[in-house]
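Next come the chains, spelled out residue by residue.
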Amino acid sequence: MPRLPALAAALTILLGATSLAAADNIGSLYSSVADRDCRGVSNFKIDGDDYAREQVCKGPAGLVVFKNEDDLRETISAGTTAAAANSEPAASQGFGPFNSTTNTIEWRTIAGKPFAMIQRWHIADNDDPEKNGRPKSKQMLVVTRLPPGAVCHVAYIDVTANPEANELARKAADELARGFDCKTDKVSVIGIGGRATALAMASRNIPGLAR
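The following refers to the structure shown. Each residue is numbered by its place in its chain's sequence as written, counting from 1. Only residues with pLDDT of at least 70 are given local features in this predicted model, and only at 80 or more are side-chain atom pairs given and counted; all residues enter the totals for whole chains, interfaces and linings. Hydrogens are left out, water is left out, and the side-chain values use all remaining heavy atoms of the structure.

1. Some remarks on unusual backbone geometry
Our working definition: Numbering goes from the N terminus for both helices and strands, where a helix is a DSSP run of H or I of at least four residues and a strand is a run of E of at least two. Exposure classes here rest on a 1.4 Å probe applied to the protein chains alone. A residue is buried below 20% of its type maximum, exposed above 50%, and partly exposed in between.
For the bond running from Pro147 to Pro148, omega is 10°, close enough to zero to count as cis. Its location among the elements puts Pro148 in the loop between strand E8 (135-145) and strand E9 (152-158). One non-glycine residue, Ala61, lies in the positive phi region at around 55°. When you line up the elements, Ala61 lands in the loop between strand E3 (50-58) and strand E4 (64-70). Looking at Ala61, the relative accessible area reads 59%, which means it is exposed. Located in the positive-phi region is Ala111, a residue other than glycine, with phi close to 55°. Within the secondary structure, Ala111 sits in the loop between strand E6 (99-110) and strand E7 (113-129).

2. Some thoughts on the state of the cysteines
To keep things clear, this is the line we draw: What counts as a disulfide here is a pair of cysteine sulfur atoms lying within 2.5 Å.
One pass over the structure, following the stated rule, counts 2 disulfides. With a sulfur-sulfur separation of 2.0 Å, Cys38 is cross-linked through a disulfide to Cys57. Looking down the S-S bond of the Cys38 and Cys57 bridge, the torsion is 100°, so its handedness is right-handed. Placement of Cys38 in strand E2 (residues 38-46) and of Cys57 in strand E3 is noted, with a sequence separation of 19 residues between them. Per residue, the accessibility class of Cys38 equals that of Cys57, and both read buried.

3. Here we look at helix H3 (residues 165-177)
Condition: Any helix carries an expected span of 1.5 Å times its number of residues minus one. Should any heavy atoms of two residues lie within 4.5 Å, those residues are counted as being in contact.
If you check H3, its first and last C-alpha atoms are 17 Å apart, about what 13 residues at 1.5 Å a residue would give, namely 18 Å. Listed as buried for H3 are Ala165, Leu168, Ala169, Ala172, Ala173, Asp174 and Ala177. Against strand E1 (26-32), E6, E7, E8 and E9 lie the buried residues of H3.

4. Considerations on helix H4 (residues 195-203)
How we decide: The directions considered for the arc are those from the helix axis to the C-beta atoms.
Within the span of H4, buried status applies to Ala196, Thr197, Leu199, Ala200 and Ser203. Along H4, the residues classed as buried sweep out an arc of 160° about the axis, all on the same side. The secondary structure elements touched by the buried residues of H4 are E7, E8, E9 and strand E10 (188-189).

By themselves, these are just geometric observations and shouldn't be taken as functional.
Written out as structure tokens, the structure reads:
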């Protein structure tokens, strides 16, 4: 029989190899939510010049993205159908200031199946105007968990405060998303908090904007 230290060392090597193999299965896919790549569901004016619209965009592995814009504020959700995506918690997780999303979604996958998505948001900072009076935009990455289970925000990463923001978002997705309970767990600010995450977290306390 091998000595206990030798056996322990062998088990350590085996477990390490297993962990590396599992990590190797995690990767990223990318999709577009640009207007040209989405299908309009509704588009109507409200209060004169303002308008609201809903779009459905194709995601990987049979998922679709449901994109809602209302009064210069957006929400993003995902599901197997537009109706399913629109019924998820993420469909009502918005922010108080004017905001918008970028056109690319990064999907974190394991063995090709998405379990989280990462998207960059621009949050308007009314307390920091440009010379023309328009509010400057502060950037933040949003990590959202995917089925099985509910679809909801998991983590926010301030892009300006964290030079390695993309890596932090991937790490948060890989480590937090699958075990996140949308009913009981709270969204985390990952890394160093900044102005974008401060604006986002403050507006989450406004009834009707997020849950």
